[in-house]
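Structural characterization, general
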There are 2 protein chains.
Amino acid sequence: MSRTDRVVDGITAMILDGSLAPGDRLPVEKDLAATLGVSRGSLREGVRALSVLGVVDSRQGDGTYVTSLDPSLLVAPLGLVVELQGAGHALHVHTVRRMLETEVAGLAASNAAGAGEALARARAALDSSAATLAARTSPAGGAAEDPADHEALLEADIAFHRALAEAAANPVLGALVEALAGRTARHRLWRGIAQAGADERTQDEHEAVLDAVLAGDTERARVRMAAHLLEVEDFLRAHG
Amino acid sequence: MSRTDRVVDGITAMILDGSLAPGDRLPVEKDLAATLGVSRGSLREGVRALSVLGVVDSRQGDGTYVTSLDPSLLVAPLGLVVELQGAGHALHVHTVRRMLETEVAGLAASNAAGAGEALARARAALDSSAATLAARTSPAGGAAEDPADHEALLEADIAFHRALAEAAANPVLGALVEALAGRTARHRLWRGIAQAGADERTQDEHEAVLDAVLAGDTERARVRMAAHLLEVEDFLRAHG
DNA sequence: GGGGTGGATTCATCTGATGATTGCGCCTAC
DNA sequence: GTAGGCGCAATCATCAGATGAATCCACCCC
């Protein structure tokens, strides 16, 4: 086992056995290096690795702290990994995303009564994208999309799905969906959707999902979300 | 942006734009450090971080290579992250696991015809655990479980779910399930199940799932897997 | 032709030093 | 007495150089 691995294992072990809790500050580099029996260089490599994983956070002039260990933080690096998959497993990734988002819609519908704020954000996101679609200069299906419109629709799409995930009230589920539907992946998708002139249809599908969620109709919400993402998958197959 | 981040971004960018493909060898540390404009120490921190993420692999005396970038490799660090969640989000994690495994069962049933080998391994895993249950000295429900039996049941459980995931033929899905149902998490679960004397029942549930999968009955496979994992979740709530 | 051996290459690790940033206590001015 | 500014100490960030360990590969001997 390399020195760096010893560092990573040592620090995670300290977190697991409770000697380091979220928010706690790690010993200074020199002391921690001595404790773990490695040099400062090796220690820094290990700490940096944990930093990339979102487990700790180093601040110059201050110290190194254990993060909150929130799922959203820790799953973030998975997004990078999804990017690296490239086109090879894009369809597989999206299949999993569809499964998870379907459950998100179902849970959000079940929780509709207690998730008013999150659902209001979902509503606002759809209003925003509707306004963009109504106000844009070029007609639907035009090849010369306004890049600003494109960006606005992408933002609204992300906001909509994120708000639904919050309404589902499962942070692990939300974090995974966020990681799987990465920004660049979505960027590619939306390009294809816009080129096919299907952005208005996407808007309608989003509206249908939200209607079912707001009505607390779990099954309809699930089916509509699944159908929506199957459409997206078709775009992946056809234009991806 | 720190130097190390520059290193991570630089290397991932090279992979994304195709100048580095899976299996390729990275330039030697000195050259790469010069290219990225950082010292060797900073370069090593960045490379080590990517190594922990499973993106690259350094071998002393040889060189540093881009890994296969298989989902199973890249999702592995997620397992560590799940461990760190501790009891806080255990139920949330398992809820997501249930969702994914339900889909695994469904896909495995759909693919039953073309996944004979994987399903044979699932069958073998169940035979193994059945033999363990039949041969064990202490009667069911005994508090004094044989640790060896406990370990054997755990192994068979892991093998069963893994074989099903292979039959589902979606590597991303399989990798996620593997990460979510980590070894130590399962260890805790099985302890609770054994103490409650429910290991025979678990065996029956596994058998029911496999029957439906082998019959190619997607819906029955899904329902039975979901029901099985709901049982497990009840143990989490009661004894976790 | 096959197997062993040596050198060259490359990563692994350590040591020491310097700069940048932050936090905190003290000190001064009002 | 209080508020604001200043300086010092602590800490991480980064660099440079040197040594050890593992691997690969070509060469040589048999």
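Treat the numbers as computed from the prediction; the structure is a model and nothing was measured.

**Digging into the overall build of chain A**
What chain A contains, in helices and strands, is 11 helices and two strands. When the elements of chain A are put in sequence order from the N terminus, they spell out α-α-α-β-β-α-α-α-α-α-α-α-α. Along the first, second and third principal axes, the C-alpha atoms of chain A reach 65 × 40 × 30 Å. Each of the 240 residues in chain A was classed as buried or not, and the buried ones make up 44%.

**A few points about the pairing of strand β2 (residues 63–66) of chain A**
All names here are of chain A. Covered by surrounding structure in β2 are Thr64 and Val66 only, the residues Gly63 and Tyr65 on the alternate face being uncovered. Pairing of strand β1 (residues 56–59) with β2 involves four bridges; the strand directions are antiparallel. Its bridge partner lying in β2, arginine 59 is registered against glycine 63. In this structure, the hairpin formed by β1 and β2 is closed by a connection of three residues, where glycine 61 is found at a positive phi of approximately 80°.

**Quick notes on the environment of Leu50(B)**
Mapped onto the elements, Leu50(B) comes out in helix α3 (residues 40–52). In contact with Leu50(B), not counting residues within four places along its chain, are Val8(B), Ile11(B), Val55(B) and Val56(B).

**Structural notes on the interface of chain B and chain A**
Listed per partner, the contact involves 36 residues of chain B and 37 residues of chain A. Residue assignment for the side of chain B that touches chain A shows that the elements contributing at least two residues are α1 (3–16), α3, α4 (71–85), α5 (90–110) and α8 (171–180) of chain B. For the side of chain B that touches chain A, the leading source of residues is α4(B), giving nine residues. Classifying every residue of the side of chain B that touches chain A by side-chain character gives 23 nonpolar, eight polar and five charged.

**Regarding the domain arrangement of chain A**
Often, the extent of an interface is quoted as the loss of accessible area upon association of its parts. Residue and element names in this part refer to chain A. For chain A, the assigned domains read domain 1 (3–66) and domain 2 (72–239). On a C-alpha basis, the centres of domain 1 and domain 2 stand 37 Å from each other. On the domain 2 side, the residues contacting the four residues of domain 1 number four residues. The residue makeup of the side of domain 1 that touches domain 2, split by class, is three nonpolar, one polar and no charged.

**Focus: the protein's contact with DNA strand D**
Taken together, 20 residues surround DNA strand D, and among them Ser2(B), Arg3(B), Ser39(B), Ser42(B) and Gly61(B) come closest. When residues of the surface near DNA strand D are traced back to their parent elements, those giving at least two are β2 of chain A together with α1 and α3 of chain B. Taken together, the residues of the surface near DNA strand D break down into three nonpolar, 12 polar and five charged.

**Quick word on the relation of the copies chain B and chain A**
Between chain B and chain A, which share one sequence, the superposing operator has a rotation angle of 180° and an axial displacement of 0.1 Å; the RMSD is 0.1 Å. The transformation relating the two chain copies, once decomposed into turn and shift, fits a two-fold axis. A share of 100% of interface residues in chain B that are also interface residues in chain A marks the association as one of identical surfaces.

About the thresholds
Residues numbered from 1 in each chain as written. Chains lettered and ligands numbered in written order. Predicted model: local features only at pLDDT ≥ 70, side-chain atom pairs only at ≥ 80, totals over all residues. Helix = DSSP H or I, 4+ residues; strand = E, 2+ residues; numbered from the N terminus. Buried ≥ 20, exposed ≤ 12 C-beta atoms within 10 Å, placed from the backbone. Pairing = 2+ DSSP bridges. Contact = placed C-beta atoms within 7 Å. Nonpolar A, V, L, I, M, F, W, Y, C, P; charged D, E, K, R; others polar. Domains from an automatic or database assignment. Near = placed C-beta within 6 Å. Least-squares fit on C-alpha atoms with pLDDT ≥ 70 in both.

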